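# Structural features, examined
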Amino acid sequence: MNTLPLRLGVNIDHVATVRNARGGTHPDPIRAAHLAVLAGADGITAHLREDRRHIRDQDMERLKRQLFVPLNFEMAATSEMIGLAAQLRPHAACLVPEKREERTTEGGLDIIGAHASLRPAIQELKGEGIRVSLFVEPEVEVMDAACDLGAPVVELHTGTYCEAVLEGDEARIAHELARLRRAAEHGAGIGLEIHAGHGLDLNSVRAVAAIPQIVELNIGHFLIGEAIFLGLDEAVRAMRAAMDEGRAQVPA
Ligand code: PXP
């Protein structure tokens, strides 16, 4: 098998979470984005939530103006966010489900149930030249639905797998990895570009990086937390090294 390169997208939302705790300008998520890029990030992801709890509109504008790597705008498929994406024109938009009461994105998009509302959103974003990805559960039928909706990319939700790793539940780890592998293989087979993310850390990332169809991982919370202890530069470099170790397990 020809090994595809694996990109690292660093999500900087939680730099903004810390900044907003005091209402000022420090720490600046755009400074973190620049540092992450210098440390080896291939792209930057930021989630502009409806309630602006971390990233704000001005952060997105500054990221778009200042970054020389692809910007991935994580967003709900609402008319407000689609309008903002059309103005901002980021490299990519990742559509996620969003509930006000959740602490983080809890599950993948219900793309089978929400076909009618997602189709025009995807078309509109694609019409603006934005690469659209759908954040989804790693299931074969969901890959078919994403393809049918005209999305070029899916991001597989790794949250359940990462929970199993944290619990050390070997049977569940094997089950969740098998789901991710099946979905990635099927999705790539029908022409989707496969990304993955959510909850990844240094213990969980290698096995996901070893899934050969996955070409991008988006990682945030662990890296920003680890930056408190190691600095962001070292945290990103350690993650990049773990990803490379995982990828090296793919037979050449
Ligand atoms: N991918 C998507 C679609 C997400 O919603 C998130 C969380 O914002 C991530 C990746 C990154 O997850 P984490 O912060 O747990 O690494």
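Residues numbered from 1 in each chain as written. Predicted model: local features only at pLDDT ≥ 70, side-chain atom pairs only at ≥ 80, totals over all residues. Heavy atoms only, no water.

A cluster of nonpolar side chains, namely I228, F229 and L230, defines an oily patch on the protein surface of about 370 Å² accessible area. Its place among the elements puts F229 in helix α10 (residues 221-230). (Patch = residues over 30% accessible without salt bridge, like charges linked within 9 Å, V, L, I, M, F, W, Y side chains within 5 Å. Areas by Shrake-Rupley, 256 points an atom, 1.4 Å probe, with all protein chains shown as cover. Salt bridge = Lys/Arg side-chain N within 4 Å of Asp/Glu carboxyl O. Helix = DSSP H or I, 4+ residues; strand = E, 2+ residues; numbered from the N terminus.)

The next point concerns the UniProt feature "binding site: 3-amino-2-oxopropyl phosphate" (unreviewed entry) in the chain. As recorded in UniProt, the feature "binding site: 3-amino-2-oxopropyl phosphate" (unreviewed entry) lies at N11, R22, G199, G220 and H221. The greatest C-alpha distance among the annotated residues, which extend across 211 residues, is 25.6 Å, indicating that they are dispersed rather than converging on a single site. Of the annotated set named above, N11, G199, G220 and H221 line the largest pocket. Along the polypeptide, G199 turns up in the loop between β7 (193-197) and α9 (205-209). A residue is classified by how much of its surface remains accessible, and G199, at 48% relative accessible area, is partly exposed. The contacts of G199, once residues within four sequence positions are left out, are C162 and S204. Taking the relative accessible area as the measure of exposure, G220 reaches 11% and is therefore buried. (UniProt positions renumbered as here; feature names shortened; annotations may be inferred. 1 Å grid on protein atoms, 1.4 Å probe; cavity = no way out; pocket = protein on both sides within 12 Å on 5 of 7 lines; lining within 4 Å. Buried < 20%, exposed > 50% of the residue type's maximum accessible area, 1.4 Å probe, protein only. Contact = heavy atoms within 4.5 Å.)

Neighbouring the ligand are 13 residues, the closest being E74, E155, G199, G220 and H221. Within the contact set of the ligand, an oxygen atom lies 2.7 Å away from a side-chain nitrogen or oxygen of E74. Between the ligand and G220 there is a distance of 2.8 Å, counted from an oxygen atom to a backbone nitrogen or oxygen. Protein chains bury 95% of the 400 Å² of accessible surface belonging to the ligand in isolation. Under a 2 Å grid-point criterion requiring more than half of the atoms, the pocket assigned to the ligand is the largest pocket. Residue classes in the shell around the ligand are distributed as 3 nonpolar, 7 polar and 3 charged. (Near = heavy atom within 4 Å. Polar contact = N/O pair within 3.5 Å; in protein donor to acceptor, adjacent residues only side chain to side chain. Sits in = over half its atoms within 2 Å of the grid points. Nonpolar A, V, L, I, M, F, W, Y, C, P; charged D, E, K, R; others polar.)

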